[in-house]
Amino acid sequence: MGSWPPEVKGTTSRFKRPLGKYKIIKRANCNNCGLCVKLCPCGVYKFIGKKVMPLREYRCIGFSCEGSEHYCVAQCPEKALMVIKNPTIEALGDYRWTSDLILSTWYQAETGNPPDYMEYKIGNSGGGFDRLRFSFEFENQNFSLKEDVSTTIDLNRRNDGRPQVTISVPWYGGGMSFGSVSLTTMLARAKACMEWNTFTCTGEGGYPEALIPYKDHVITQVATGLFGVREETIKRARIVEFKYAQGAKPGLGGHLLGDKVTPDVARMRESVPGISLFSPFPFHSVYSVEDHKKHVDWIKEINPKALISVKVSTPVDVDMVAIGSYYAGAHIIHLDGSYGGTGAAPDIAKKNIAMPIELAIPKVHRFLLEEGVRDEMVIIASGGIRTAYDIAKAIALGADGVVIGTAELVALECTRCGNCERGRGCPRGIATTDMELSSMVELEWATQRISNLFHSWYLQLIDILRRLGMHSITELVGKTDCLFYIDKWSENG
């Protein structure tokens, strides 16, 4: 690991005309005086020769400028400028990932900092994390704690002779398999996680050799299809994850369309190009805690140094599942709630089957406390973690850390169009194995965008902990008294 935190490098959009919230209309009577170039604090306008152009229109903060001395529309001597809301933005996003949240994630991926004039903390789902607030958000508190604040967490608390694994931030990347995303996307995630001393996960599609340089920061996954599961890749990993179910589609298993099974993907998964691949549900070798323990023992025998993570969805008895995994010998229980997943997960499953992660976390946290084993088991939560505030709220509810996925893809300019599992895959080259499409993403660009997003999250977490008067992220675990729920009555005063 190099300097801490890793360096931010400005990394602009790879598209010539990035989407922005506002559009600027420049009328023909503009005399190109350049006053707007001098005034705009966002650097929207640039000179091209002797002409002024809104080259960075996507950075415009629109009507937030009204009344200020730098509002270009009012200050223009020729009244040649007009700002309107971009009609395209109305079609961007959904209630969980609103257009503001997508645009603010792009901003953070470009600059490494949270934006000043855009929502970057919550969506508009009307429930869960979007209705939880920290106490300091009401009190205009300005806590003056200046001491260093730690965001590190330990992933082995069993004192079982296996190595300690410590990550510097309380998040790591979730499983995205080779085939569901491009190799460039996988490598960018791995490189960024190495810079931040955390992990990414191969998903269930095997362990491409291109990931070997980052092996100390790569979790390998064993799922029901056993695609690409090999003894040498298990021996290579510091953490091995069993995927028993996915919160976005519990009970449905996985499906990789034949169009995405290229010769390279087929070779990795030991299958046939062009043939759709299914991961059945469930593991048909596991129907009891005893069967589960045999699974865990199998991996422990192959790799005596690996930690074992168990990824499960969130049924109503998820607390019993967690305690079963503890007695089976797992180090990490990974709770995957609904709302996660890519466009490959059907909406009917995401919205109606698994328990929301906001309910599952405290349920498991309390049960493990009552059973007297909470100190030995690490709880990691995923399924709809979008922002630094979501991370902090999940930890305050009882998780030790979180797993992220979609946010990394949004950092690469995913628009959440939902075409991950259709035809050639992602038209922006992220969740695809099509050679032409995946060549749209350049590795260094993608790595820096993800790293910049992590930097912004890191700054926000430090700020949250300081405002709460805490010195470490571990102090926040299970502190539900820091949170308030905003119901519709209190929202209306």
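What you see is a predicted model; the values in this text were computed from it and never measured. (Residues numbered from 1 in each chain as written. Predicted model: local features only at pLDDT ≥ 70, side-chain atom pairs only at ≥ 80, totals over all residues. Heavy atoms only, no water.)

## Remarks on helix 3 (residues 99-111)
So, step 1. Along its 13 residues, helix 3 runs 18 Å from first to last C-alpha, staying within 8% of the 18 Å computed at 1.5 Å per residue.
So, step 2. Taken across its 13 residues, helix 3 has twelve buried, putting it largely inside the fold.
So, step 3. The set of residues buried in helix 3 consists of Ser99, Asp100, Leu101, Ile102, Leu103, Ser104, Thr105, Trp106, Gln108, Ala109, Glu110 and Thr111.
So, step 4. Buried residues belonging to helix 3 abut helix 13 (406-411) and helix 15 (443-467). (Helix = DSSP H or I, 4+ residues; strand = E, 2+ residues; numbered from the N terminus. Expected span 1.5 Å × (residues − 1). Buried < 20%, exposed > 50% of the residue type's maximum accessible area, 1.4 Å probe, protein only. Contact = heavy atoms within 4.5 Å.)

## Overview of the sheet that holds strand 14 (residues 307-312)
So, step 1. Spatially, eight strands are ordered 8-17-16-15-14-11-10-9 in an open sheet, and the strand pairing comes out parallel. Taken across any chain shown, the strands that pair with only one partner, and hence form the sheet edges, are strand 8 (171-173) and strand 9 (200-201).
So, step 2. As paired strands, strand 16 (residues 378-382) and strand 17 (residues 401-404) are joined by two bridges and run parallel to one another. Looking at the pairing, Ile380 lines up with Gly401 of strand 17. (Pairing = 2+ DSSP bridges.)

## Some points on unusual backbone geometry
Glycine aside, residues mostly have negative phi angles, and peptide bonds mostly take the trans form.
So, step 1. Between Trp4 and the following residue, Pro5, the backbone shows a cis peptide bond with an omega angle of -10 degrees.
So, step 2. With respect to the helices, strands and loops of the structure, Pro5 is situated in the segment before strand 1 (22-26).
So, step 3. For Glu270, which is not a glycine, the phi torsion comes out positive at approximately 55 degrees.

## Focus: the nonpolar core
So, step 1. Grouped together as the largest cluster of nonpolar side chains are 125 residues, with contacts concentrated most on Phe134, Leu155, Trp171, Phe454, Trp457 and Leu476.
So, step 2. Here this core gets eleven residues from one element, more than from any other, and that element is helix 15.
So, step 3. Apart from the residues lying within four places of it in its own chain, the contact partners of Trp171 are Thr198, Ile391, Val402, Ile404, Phe454, Trp457, Tyr458 and Leu461. (Core = buried A, V, L, I, M, F, W, Y, C linked by side-chain atoms within 4.5 Å.)

## Examining the packing of helix 8 (residues 289-302) against helix 9 (residues 318-328)
So, step 1. Contact pair helix 8 / helix 9: the axes reach a minimum separation of 9 Å and the direction vectors enclose 50 degrees. Comparing their axes, helix 9 and helix 8 come out oblique. Read as a crossing pair, helix 8 and helix 9 show a hand that is right-handed. Residue-level inspection shows Val289, His292, Lys293 and Val296 of helix 8 in contact with helix 9, the latter providing Gly324, Ser325, Tyr327 and Ala328.
So, step 2. When its residues are assigned to classes, the contact of helix 8 with helix 9 shows four nonpolar, three polar and one charged. (Axes fitted to C-alpha atoms, helices over the stretch in contact; angles between N-to-C directions. Parallel < 35°, antiparallel > 145°, perpendicular 65-115°, else oblique. Left-handed = near helix turned anticlockwise from the far one by under 90°. Nonpolar A, V, L, I, M, F, W, Y, C, P; charged D, E, K, R; others polar.)

## Quick look at the packing of aromatic side chains
So, step 1. Using the criterion set out here, one finds 15 aromatic pairs in the structure.
So, step 2. Where Trp171 meets Trp457, the ring centres are 5.5 Å apart and the plane angle is 85 degrees; that geometry is what we call edge-to-face. Of this pair, Trp171 sits in strand 8 while Trp457 is found in helix 15, placing the two residues 286 residues apart along the sequence. Across the pair, Trp457 and Trp171 agree in class, each one buried.
So, step 3. Through successive ring pairs, a cluster of aromatic residues spans Trp4, Trp171, Trp196, Phe454, Trp457 and Tyr458. (Phe/Tyr/Trp six-rings, centres within 6.5 Å; stacked < 30°, edge-to-face > 60°.)

## A word on the domain arrangement of the chain
So, step 1. Taken domain by domain, the chain holds domain 1 (22-85) and domain 2 (153-485).
So, step 2. Between the C-alpha centres of domain 1 and domain 2 the distance comes to 44 Å. (Domains from an automatic or database assignment.)

## Looking at the UniProt feature "binding site: [4Fe-4S] cluster 1" (unreviewed entry) in the chain
So, step 1. The positions that UniProt labels "binding site: [4Fe-4S] cluster 1" (unreviewed entry) are, in the present scheme, Cys30, Cys33, Cys36 and Cys76. The largest pairwise C-alpha distance within this set of annotated residues, which runs over 47 residues, is 10.8 Å, so the set is compact in three dimensions.
So, step 2. Following the sequence through the fold, Cys33 ends up in the loop between strand 1 and helix 1 (35-39).
So, step 3. Those residues in contact with Cys33 that lie beyond four places of it in its chain are Phe47 and Pro77.
So, step 4. Positionally, Cys76 belongs in the loop between helix 2 (72-75) and strand 4 (81-85). (UniProt positions renumbered as here; feature names shortened; annotations may be inferred.)

## Here we look at the UniProt feature "binding site: [4Fe-4S] cluster 2" (unreviewed entry) in the chain
So, step 1. Sites flagged by UniProt as "binding site: [4Fe-4S] cluster 2" (unreviewed entry) map to Cys40, Cys60, Cys65 and Cys72. What stands out for the annotated residues spanning 33 residues is how close their C-alpha atoms remain, the widest pair being 10.5 Å apart.
So, step 2. Note on Cys40: relative accessible area 17%, which makes it buried.
So, step 3. With respect to the helices and strands, Cys65 occurs in the loop between strand 3 (51-53) and helix 2.
So, step 4. The contact partners of Cys65, leaving out residues within four places of it in the chain, are His70 and Tyr71.

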